[in-house]
Amino acid sequence: MADRSKRQRISRAASTSQVTNNVPPMFGGSQPDARVASDGEPGSFVEGSILRIAMNNFLTYELAVVNPGANLNMIVGANGTGKSSIVCAICLGLAGKTALLGRGDKIGLFVKRGCSRGSIEIELYKNGGNVVINREISTENLSQWTLNGKSCSQKVVEEEVKGLQIQVSNLCQFLPQNTVNEKAAFLERAKQKNESNKLDMNRYYEKKRHLDMIELLEKKKPWVEFEAVRKEHESVKTEREEVKKRLSSLKQTHGPMLKKIQLINNQLEPIEAQIKTKTFDIKEAARKCKARRDQLDRKQKEIDDIKQALNLKHTEKVDEEKRIANTKTIIDDLQKELATVGEQPDVAPRIDAISVELRGHQEERARLDGEKSDIRREKDNMVAESKSGFAHLRLNDMNNMMKAKEDKLKVRHKDTFTAIQWLRQNRQLFSGNVHEPMLLVLNVKDPRFAKYVETHIAFNDLRGFLFEKREDMEAFMKEVRDKLKLRVNSILAPAVSCANKQPSRPIESLKRFGFYSYLREMFDAPTDVVSYLCHQYNVHDVPVGTAQTKAMINKVIEEPYLKLIYTAEERYVVKKSMYSNHVSTNNSQLRPSKFLTISVDAEEKGQVEQQIQNCERKIKDLDERLAGLRENFSILEGRDNELRNEKKGLLEQKGKKRQLEQKIATKLDSLQQIEKNRVDLKKLEEDTKTKIGAVNAQKVAMMVEVMAQIKLRASLSMLKVHLTLQTLGLTAEKTHLEGSCKDRQVELRTLEMNRMNSCVLCECSVHWFSEESQGLVSVQAFSTLPDTMEELDALLNEECSRAEGFTGIRENVVEEYNRREVEIQNLEEELGDLSEALTTYRMNMSEAKERWLNPLRTLICQINERFGEYFRSMQCVGEVDLHSEKEEEYDKYGIRIRVKFHNSTELHELTAHHQSGGERSVSTMLYLMALQELNRCPFRVVDEINQGMDPINERRVFNIVVRTACKETTSQYFFITPKLLQDLQYAEEMTVLCIHNGPQMLSPGDWDEKAFLRRIARRKKRTKPE
């Protein structure tokens, strides 16, 4: 612990801060400059430091004023007292955005609940006169600003705050410089395009030269064609005379050939008629021949059928002989057996005795059948009553209710339902009682009571398994939770049963308030479950009331023994302060029940099950009686079978001789009938030969007719072949003569057509040349061109192919090329000017980079030295450096922090993945401390950064903060925390602001620091040991 003087100083600082809900307002202008230092020395505050923070109806504060010190300010208070509200006041009072606080995006949300307006006033230290900023806010999200008592806009306040080097947010700016690059790229594209147009222009002129040559060749073609036609005309005249002579000679030889062809046609007509007649006769002979062959096939089939019938008779004869032999053998055996049968004794008395005994057995069976029918009828009535009776229906209804509860549990918590199924299959593993979740085993007596019970008992307990023995619970959790990976709850029943625990007062004494029952009386459950609920939830001592209770609630809560009560629709928790005896209540609306409305009366279910068991027991007794009757009946059946078998043997013995004689007579009759119907094979064979001979004679006559038709068809075919050969010879001669005649006619027509075409061509060429020659150029222009039509056409085709190869050439390509040449020249001049400007700009940018980057690196080196020194003091390692992947991307420059907290690890970048929450908090705090002496920020605020630290690191960081923030040259520092370790080292420059909140707070006017210190001293003196 710190010494007494330091504790007193801290108390004075706490009293000076005057953070309370009853402080009188301190608005209306800045304080004199003599207040700028807590120790009375002006100049301790850095320009921009906070001298005073006043809050009116702001978040948790009604009226509060905070006067921080110039160096380290420790703001200490319990959670919910309003420490973070001071941070919000600093941010919003200095024109910060609500998004930075994470409490809401509307300024109206920061007005104290129940108020319509609030205000913040912050006084900042400034050489030459302090700055007082006032911001009034409303629930309508409106703000009114005043600066040093004068109304102003938020922008004016932001400029004033910026002038004091206060930043509540970070801004990043970046302006790209790419104009020169775009100009150079445009010039390059223009040059490339004009170069492409230059090629098009050269191709255009080359194509024009080819087109001029084509035009010249087209003009020379008529000259060449005329010369060729003229020479051909002369030769055609001579050939025409020769053709006339040859044509007359061909006409003289053409007449006899035509006459000979006509003679051959006359000879062919009768021959072709004879061929048609012979062809018809041949077809008719073939048809008759085929018909006779079909008849022959049918006769052959008839012979095969006769032979098949004879074979069948042979088979019948063999079978007949076998039957005769077998019959004779049987007759011999029967006669031998008849000879061996001697005189038999008289078996009639025994047969009569057996008949009498069988009739007695029949009467006994009839009696047993009647008794079985009665028992079976009684059993059927019992079974029908058991299945369709009220007991089974009621039990099914109860089971359906349990099934509905299980289905609800399965939907709400499937793991618990799965664990129930496992428990039902493995109950033999446990030695004590194991109860399924209370949702299933707990039954409310009235559905209206379900909402009280379900509200009172936590759902985790309602779905928990209750165990009588701890070893059973541990075994269950090992199987279900560890092996099956199910999320279930388990509960251990109290060692001493609390099921019979009595309430503190009888319910009759509470009926005047409207109470009518305790929770314990509203449900049924196993004893272990009731014991647990009484022990854990005091269900035996929680009364339930009506609307009358709600109306008398003010009187009810004054009763000292009532801590938790229920009215018709609400739940009340009554608490009494141990210090002021002030009574406070917390009431909540009852939720409708989700599970326990489905209830089953356990007593009624037991009675129904007992009734069903009694019925099943009676049915079992009837089954045993039926089994005895069946056994007796079976004994009688066995004896009857024995007697019948014996009677049958005696009857067979009595009629055996007569039977043998009848069998022998029957077999002799059968043998005589077989011998009488014997088949005569010889006669059958002779008849078969006669039938086959007659059929063969018919076949021979048919074959004679077939051979005659075959010979006729052969002679007709030979005659047809002779006539066909004669026709072919005449046809060939006719074809030859017709071909010769046609060749001569074609030759004559060709010669005549050539002669006529030559004449017409000569005349047309002369006429065409006379018209076309008027537009031709001079003959000298044709001197360099070929003189033959073949060479002229070849050259013309070559020039046309070359001209067609120049495709995609526009007519205005020359004009575009010249225009773009002028544009390129202008762009080159402009690019030269821009290049000079770019060079100058790059030089200036390089100088600016050096002026900016060198001091930045120096600053980061200083931060790194202090950061590393702080970490070394903690036996750890830390580094800070400037990091960027690309040197020219200035907007991506950043600070990289790397730390190592353990000797076995390496330096890792400070991220959310490599370090724990406490390690990140230590690193962040030490980085801020490294900035404390280098950055010109007037003040810093750190809110509960020590929450994730372990005690050792928290103590080390606190010492570093005190050591660094309490130097004279450092800026103001706000360190907010809900708790502090014991035996910390404090400095005289520190200011400890203790925040308290509550209705019993003293107003600043009633606070007497000296009296408080005297009271503390007297109390210590009284408690000092003798």
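Rules of the game
- Residues numbered from 1 in each chain as written.
- Predicted model: local features only at pLDDT ≥ 70, side-chain atom pairs only at ≥ 80, totals over all residues.
- Heavy atoms only, no water.
- Helix = DSSP H or I, 4+ residues; strand = E, 2+ residues; numbered from the N terminus.
- Buried < 20%, exposed > 50% of the residue type's maximum accessible area, 1.4 Å probe, protein only.
- Areas by Shrake-Rupley, 256 points an atom, 1.4 Å probe, with all protein chains shown as cover.
- Pairing = 2+ DSSP bridges.
- Contact = heavy atoms within 4.5 Å.
- Axes fitted to C-alpha atoms, helices over the stretch in contact; angles between N-to-C directions.
- Polar contact = N/O pair within 3.5 Å; in protein donor to acceptor, adjacent residues only side chain to side chain.
- Patch = residues over 30% accessible without salt bridge, like charges linked within 9 Å, V, L, I, M, F, W, Y side chains within 5 Å.
- Salt bridge = Lys/Arg side-chain N within 4 Å of Asp/Glu carboxyl O.
- Lys, Arg positive; Asp, Glu negative; His and termini not counted.
- Charge placed at Lys NZ, Arg CZ, Asp CG, Glu CD.
- Phe/Tyr/Trp six-rings, centres within 6.5 Å; stacked < 30°, edge-to-face > 60°.

Across its full length, the protein chain carries 22 helices and 23 strands. Buried residues in the protein chain amount to 36% of all 1026 residues. Accessible surface, the protein chain: about 63000 Å² in total, of which carbon and sulfur atoms supply 51%.

Note on sheets: strands pair through backbone hydrogen bonds, and any given pair is parallel or antiparallel. Ordered by their spatial adjacency, three strands build an open sheet running β8-β10-β11, and the pairing between neighbours is mixed. Edge strands, defined here as strands with exactly one partner in the open sheet, are β8 (434-435) and β11 (490-492). Both β8 and strand β10 (residues 465-467) contribute to a ladder of two bridges, which runs antiparallel. Note that in β10 the partner of valine 434 across the bridge is phenylalanine 467. Each of β8, β10 and β11 is contacted by helix α12 (residues 527-537), which is oriented at about 100 degrees to β10, the strand it contacts most.

Within the secondary structure, asparagine 134 sits in strand β5 (residues 131-138). Residue classification places asparagine 134 among the buried positions, given a relative accessible area of 14%. Side-chain polar atoms of asparagine 134 contact the side chain of glutamate 121, separated by 3.2 Å.

The subject of this paragraph is a negative patch on the surface. A contiguous patch of negative charge on the surface is contributed by Asp680, Glu685, Glu686 and Asp687. Here aspartate 680 is to be found in the loop between α16 (656-676) and α17 (681-772).

Glancing now at the sheet that holds strand β3 (residues 72-76). Taking strand neighbours across the sheet as the criterion, the four strands line up as β21-β22-β3-β23 in an open arrangement whose pairing is parallel. Every other strand in the sheet has two partners, leaving β21 (939-943) and β23 (991-994) as the edge strands with one partner each. When strand polarity is set aside, the average angle formed by the axes of neighbouring strands in this sheet is 15 degrees. In the sheet, β3 pairs with strand β22 (residues 972-977) via five bridges, with the strands oriented parallel. The residue of β22 that forms the bridge with valine 76 is threonine 977. Sheet strands touched by helix α2 (residues 83-93): β3, β21 and β22. Its angle to β21, the strand with the most contacts, is close to 145 degrees. Along the sheet, helix α21 (residues 951-965) makes contact with β3 and β22, crossing β3 at roughly 140 degrees.

As a further point, take the packing of aromatic side chains. Across all of its chains, the model carries twelve aromatic pairs by this definition. Plain terms: the ring middles of phenylalanine 465 and phenylalanine 476 are 4.9 Å apart, the flat faces sit at 45 degrees to each other, and that makes the pair tilted. In this pair, phenylalanine 465 sits in strand β10 while phenylalanine 476 sits in helix α11 (residues 470-483), placing the two residues eleven residues apart along the sequence. Given the relative accessible area of 0%, phenylalanine 465 is considered buried. Phenylalanine 476 sits in the buried class, given a relative accessible area of 0%. Taken together, a centroid distance of 4.7 Å and an interplanar angle of 50 degrees make the contact between phenylalanine 867 and phenylalanine 871 tilted. Within this pair, phenylalanine 867 and its partner phenylalanine 871 are both found in helix α19 (residues 813-873), separated by four residues, close to a single helical turn.

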